[in-house]
Structure formats: structure tokens, C-alpha cells
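In case you want the letters, here they are:
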Amino acid sequence: MNTKIILSVLTIIFVIGACAVVIKSSGQNAGAVLPSPEIPLIPVEASPELSEPIKPTENPSNNSLQFGQAVTLKVDENITFSDGLKVTLKKIDDSRCPKDVQCIWTGELAGTFSLSGGKMVGEKEIRIGSLTGKGYSIDGYMFSLESAMADSMTIIVSLK
């Protein structure tokens, strides 16, 4: 057998064994490492790039919105835009690092949105996160995450 293949297999076995030991010794689930009070949680409630906070529009009672306005949605709420685009917040994933746990990554809040109507061909889903993928462009629309909380997300939808 080729020496490179043998070394690769042994390296993989070693890494898997080392991970199992760390997980078993920490008594935590995979992804959590060791308790550490010196790493603070970073709250994700507003975009730090903004010079002044945007006042989001609560889901309007007539359920129709113009493009370029911030709108806050909770899970299973939807908004219909002036061209017929319907945006529904399907779920919010919270992968942020828990208090008193040292994590490799601070994590993020990410929303999965269902899109239909308007310029959309069929129904589509997009995922927008508070750290990764804060903006998403599809079928002539630009989706930007303005803020994220555990129970709601504020987005701005504009035409490209």
C-alpha cells in the first residue's frame, strides 16, 4: 500500500480518537470544549455597522410593504411586498456559544426564509445569518439582515 495513504489513514484515526477523548473528558456534547468564564457572549441584537439604529416596521396590518424598509418578522410570520413577493420566516437557528462554555466559534443566529411570488420562479428558501451570509441576492431581490434576536429577525428587502 502507498505510504501516503497509510499515513493519511493513521492521521484520521488519531484525530478521531483525540476528539473522542476531549468530548468524553469534558462531559459535554460535541462542539463544547471546556468551561471558561473569560470569554463573553456577544449579543446579536443590532448591526454594528450602522451609525444610527433603524426603526423596523412591525408587520403592518395591511400586510403589504414597499421595498427598502426594515421589517421585523417572528417565526411563521410573513409579509407581502408591493410586487407580490411573499417572505415568510420559517425558523431561527441559534448556534451561539452558551454562557460559561468556551467554544471554538462564537456562533450566530440564522433565519431560514421562504420566498414566493413576485419575480420568484416557484418557491425558494434562503438562509441569512448574523455573522455569515448577512446578505443574499436572488432573482432580482437583495435581502439584508439588519438585526437578529432569538425570537425575531429584522430584514430589508430591496430590488436589484
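Summarised in this report is the structure supplied together with it. Every residue gets a number counted from 1 within its own chain, in the order that chain's sequence is written. With the structure being a predicted model, the display of local features is reserved for residues of pLDDT at least 70 and the display and counting of side-chain atom pairs for 80 or more, all residues being used for whole-chain, interface and lining totals. The side-chain values count all of the structure's non-hydrogen atoms but skip hydrogen atoms and water molecules.

1. Looking at the overall build of the protein
Part 1 of the argument: Here a helix means four or more residues in a row that DSSP labels H or I, a strand means two or more in a row labelled E, and each is numbered from the N terminus. In terms of helices and strands, the protein carries one helix and 10 strands.
Part 2 of the argument: When the helices and strands of the protein are placed in sequence order, the string is α-β-β-β-β-β-β-β-β-β-β.
Part 3 of the argument: Burial here depends on accessible area, computed with a 1.4 Å probe over protein chains only, as a share of the maximum for the residue type. Under 20% is buried, over 50% is exposed, and the range in between is partly exposed. Each of the 160 residues in the protein was classed as buried or not, and the buried ones make up 29%.
Part 4 of the argument: By the convention used here, residues are in contact when the closest approach between their heavy atoms is within 4.5 Å. In the protein, the share of contacts with a sequence separation of at least 24, taken over all contacts with a separation of at least 6, comes to 40%.
Part 5 of the argument: To measure how exposed things are, a 1.4 Å probe is used in the Shrake-Rupley method; for residues, cover is taken only from the protein chains shown. Surface summary for the protein: the accessible area is close to 10,000 Å², and the carbon and sulfur share equals 59%.

2. Observations regarding the packing of aromatic side chains
Part 1 of the argument: Pairing of aromatic rings covers Phe, Tyr and the six-membered ring of Trp, with a centre-to-centre limit of 6.5 Å; geometry is then stacked below 30 degrees between planes, edge-to-face above 60, and tilted otherwise. A full pass over the atoms with the stated rule returns three aromatic pairs.
Part 2 of the argument: Centre to centre, the rings of Phe67 and Phe81 are 5.0 Å apart; their planes meet at 10 degrees, and the pair counts as stacked. Placement of Phe67 in the loop between β2 (64-65) and β3 (70-74) and of Phe81 in strand β4 (residues 78-81) is noted, with a sequence separation of 14 residues between them.
Part 3 of the argument: When the ring centre of Tyr141 is taken as reference, the NZ or CZ atom of Lys119 above it lies at 5.7 Å. A ring is scored as having a charge over it whenever the NZ atom of a lysine or the CZ atom of an arginine sits within 6 Å of its centre and within 35 degrees of its normal.

3. Topic: the environment of Ala110
Part 1 of the argument: Tracing the chain through its elements places Ala110 in strand β6 (residues 109-116).
Part 2 of the argument: A relative accessible area of 0% means that Ala110 is categorised as buried.

4. So, the pairing of strand β8 (residues 135-138)
Part 1 of the argument: Pairing analysis gives four bridges linking β8 to strand β9 (residues 141-149), with the strands arranged antiparallel. Note on β9: the bridge partner recorded for Ile138 is Tyr141.
Part 2 of the argument: Any two strands are treated as partners once DSSP identifies two or more bridges connecting them. Counting the residues that bridge the hairpin from β8 to β9 gives two residues, and of these Asp139 lies at a positive phi of roughly 45 degrees.

5. Quick notes on the state of the cysteines
Part 1 of the argument: Cysteine sulfur atoms are paired as a disulfide whenever they fall within 2.5 Å. Per the stated rule, a full pass over the model turns up one disulfide.
Part 2 of the argument: Shown here is the disulfide that connects Cys97 with Cys103, its sulfur atoms set 2.1 Å apart. Residues Cys97 and Cys103 are joined through a disulfide that is right-handed, its torsion about the S-S bond being 80 degrees.
Part 3 of the argument: Looking at Cys103, the relative accessible area reads 22%, which means it is partly exposed.

6. What to know about the pairing of β6
Part 1 of the argument: Most of β6 sits inside the fold, with seven of its eight residues counted as buried.
Part 2 of the argument: Relative to strand β7 (residues 124-129), β6 runs antiparallel, the two sharing six bridges. Across the sheet, the residue bridging to Ala110 is Gly129, located in β7.

7. Concerning the pattern of salt bridges
Part 1 of the argument: In the sections that follow, a salt bridge refers to a side-chain nitrogen of Lys or Arg positioned within 4 Å of a carboxyl oxygen of Asp or Glu. Here the structure, examined in full by the defined rule, presents four salt bridges.
Part 2 of the argument: The closest approach of N and O atoms between Arg127 and Asp93, which form a salt bridge, is 3.9 Å. Taken together, the residues Arg127 in strand β7 and Asp93 in strand β5 (residues 86-94) connect sequence positions 34 residues apart.

8. Notes on unusual backbone geometry
Part 1 of the argument: Not every positive phi belongs to a glycine, and Asp76 is a case in point at roughly 75 degrees.
Part 2 of the argument: With respect to the helices and strands, Asp76 occurs in the loop between β3 and β4.
Part 3 of the argument: Its identity is not glycine, yet Asp100 carries a phi of approximately 60 degrees, on the positive side.
Part 4 of the argument: Checked against the element boundaries, Asp100 lands in the loop between β5 and β6.

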